[in-house]
Amino acid sequence: MTTTGTARFRLGFLTHVQGRGTDQARIYRNAQDLFVAADELGFDVGWVAQHHVAAGGGGLSSPWTFLAHAAARTTRIRLGTAITVLPLEDPVRLAEDVATVDALSGGRVEIGVGSGYNAVEYAAFGQDVARKRELTSQNLDVLRQALANEEVRTPGFRIQPASTGFTDRIWQGVFSEGGAAYAAAGGSNLLLNRAAYGFDSPTDEVQRPWADAFLAAWDRPRRPRIGLSRFVFPAKDRRTALRQISDDVHGAALRMSEGGAFPKGLSVEEALRRFHSFYGAPEEIVEALRRERVLPVATDLITQFNPAILDQDAALRALELIATEVAPALGWQPATAAGPVPEPAGV
């Protein structure tokens, strides 16, 4: 663990923009308030996930309009997607949105992309889910060209506004060792999910070889970045945390078992294990995270509460505990508006 000098890891939070009830406007406003709170607490990056089909309390279909609003309400925190479902986007049009939010936010954008998985979403956008990897690769090539201000698709056309500095701000979500090596070969940063679907072993045991493959394949002059997404929910104690998260996590695991991602008939305890959950008092979470196998090579720790759907007060309190008790105990220091953010150095 690196804790000296200016070396640090970046702390992020990820929201799937979900809530209880049918008032989607209120759910979106609550998620915006999480960005404001995270900005004030010193979080380095706020991430949103894109879902075109509502699942378990809503979801966000249009992340870049959401992040444009978040840019206007915050001053320092970086703004990213984990992930944008790239095969369902026109990559040139997406690049224009990304560049616009980047300009409005003062260069605070990070973009994570992936292939998604939902066949209904693919059908709604006229795409074949069986071609998801091929479409992701094709669209990512075009997106990179557009964000590098190269001509795209026809002579003389470049996106506006002109974008700068995206070489190290494109992330790719992967679900295999081969995918991690492929991301490195293309120069993308690596995003790892909070759960490893289709595996019985603990998520960090499964994903550590993916991270190692990414690092081994990296051949760029800049430092590689690994974003590690983890379910982290601190509360007064373990019993309090379980009372607030167990039903949602169990329900999500049972739904995912229907598609084969998890085995059927999981208990609550096994559901929490499958989601690689860190919950309880802050000191318990710190102790567990210190045993996490991928965290030592991560440059970004991305905390999230999904699949739990928390009351707003509980979510805000959990963000506060992460920023004031959990992350500092791991060596993180909050960024300040007074100076530049040091280069992330891993946990």
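Preceding this paragraph is the structure being described.
Residues numbered from 1 in each chain as written. Predicted model: local features only at pLDDT ≥ 70, side-chain atom pairs only at ≥ 80, totals over all residues. Heavy atoms only, no water.

The linkage connecting glutamine 160 with the following residue, proline 161, adopts the cis geometry, with an omega of -5°. Looking at the secondary structure, you find proline 161 in the loop between α5 (132–147) and β5 (170–173). Its identity as a non-glycine residue notwithstanding, valine 17 has a phi of 55°, on the positive side. Assignment of secondary structure puts valine 17 in the loop between β1 (10–15) and α1 (24–41). By relative accessible area, valine 17 is classed as buried at 1%. Phi at asparagine 149 is positive, roughly 60°, even though this residue is not glycine. (Helix = DSSP H or I, 4+ residues; strand = E, 2+ residues; numbered from the N terminus. Buried < 20%, exposed > 50% of the residue type's maximum accessible area, 1.4 Å probe, protein only.)

Another aspect to go through is α1. Taking 1.5 Å of rise per residue, 18 residues should cover 26 Å, and α1 covers 26 Å from first to last C-alpha, within 8% of that figure. For α1, every residue scored as buried is listed here: Ile27, Ala31, Gln32, Leu34, Phe35, Val36, Ala37, Ala38 and Asp39. Each element contacted by the buried residues of α1 is listed here: β1, β2 (45–48), α2 (63–73), β3 (78–85) and α11 (312–329). (Expected span 1.5 Å × (residues − 1). Contact = heavy atoms within 4.5 Å.)

Let us now look at the pattern of salt bridges. Applying the stated rule across the entire model yields 22 salt bridges. Between arginine 20 and aspartate 248 there is a salt bridge, with its nearest N and O atoms 2.6 Å apart. Of this pair, arginine 20 sits in the loop between β1 and α1 while aspartate 248 sits in helix α8 (residues 238–258), and the two are 228 residues apart along the sequence. By relative accessible area, which is 43% here, arginine 20 ends up partly exposed. Accessibility expressed as a relative area gives 16% for aspartate 248, which makes it buried. As a salt-bridge pair, arginine 153 and aspartate 90 come within 3.1 Å of each other at their nearest N and O atoms. (Salt bridge = Lys/Arg side-chain N within 4 Å of Asp/Glu carboxyl O.)

Within strand β4 (residues 109–114), six of the six residues are buried, leaving the element largely enclosed by the surrounding structure. Covered by surrounding structure in β4 are Val109, Ile111 and Val113 together with Glu110, Gly112 and Gly114, the residues of both alternating faces. Where β3 lies against β4, five bridges are found, and the strand directions are parallel. Bridge pairing in β4 places valine 85 opposite glycine 114. Running through helix α3 (residues 91–105), the crossover from β3 to the neighbouring parallel element β4 is right-handed. (Pairing = 2+ DSSP bridges. Right-handed = clockwise from strand over helix to strand, strands pointing away.)

It is worth spelling out the environment of glycine 21 at this point. Here glycine 21 lies in the loop between β1 and α1. The exposed category is assigned to glycine 21, whose relative accessible area is 60%. When the C-alpha atoms of glycine 21 and glycine 58 are compared, they prove to be 8.9 Å apart, with 37 residues separating the residues in sequence.

Counted by the stated rule, this structure contains eleven aromatic pairs. Between phenylalanine 233 and phenylalanine 305 the ring centres are 6.1 Å apart and the planes differ by 85°, which places this aromatic pair in the edge-to-face class. Residue phenylalanine 233 is found in strand β7 (residues 226–234), and its partner phenylalanine 305 is found in the loop between β9 (300–304) and α11; the two are separated by 72 residues along the sequence. Of the residues examined, phenylalanine 233 reaches a relative accessible area of 1% and is grouped as buried. Taken together, Phe13, Tyr28, Phe35, Phe43 and Phe66 form an aromatic cluster joined through their ring pairs. (Phe/Tyr/Trp six-rings, centres within 6.5 Å; stacked < 30°, edge-to-face > 60°.)

Here we come to α5. Relative to the 22 Å expected for 16 residues at 1.5 Å per residue, α5 spans 22 Å between its end C-alpha atoms, a close match to the ideal helical length. Along α5, the positions that sit buried rather than exposed are Leu135, Thr136, Asn139, Leu140, Val142, Leu143, Ala146 and Leu147. Contact partners of the buried residues in α5: α3, β4, α4 (119–124) and β5. Looking one or two residues past α5, asparagine 149 carries a phi angle of roughly 60°, positive in sign.

With 90 residues, the main nonpolar core has Phe43, Ile111, Leu143, Leu147, Leu192, Phe233 and Ile245 as its most contacted residues. Here this core gets eight residues from one element, more than from any other, and that element is α11. Residues contacting leucine 192, with those up to four places away along its chain left out, are Val174, Gln207, Trp210, Ala211, Ile226, Gly227, Leu228, Ser229 and Val294. In terms of nonpolar packing, the next biggest core, distinct from the first, is built from 13 residues, Val45, Val85, Trp171 and Leu191 among them. (Core = buried A, V, L, I, M, F, W, Y, C linked by side-chain atoms within 4.5 Å.)

Next up on the list: the side chain of aspartate 300. Looking at the element boundaries, aspartate 300 is found in strand β9. Using a relative accessible area of 1% as the deciding quantity, one classes aspartate 300 as buried. In terms of polar contacts, aspartate 300 uses its side chain to reach the side chain of threonine 299, at 2.9 Å. Every residue in contact with aspartate 300, bar those within four places of it in the chain, is listed here: Arg10, Val45, Trp171, Ile226, Gly227 and Leu228. (Polar contact = N/O pair within 3.5 Å; in protein donor to acceptor, adjacent residues only side chain to side chain.)

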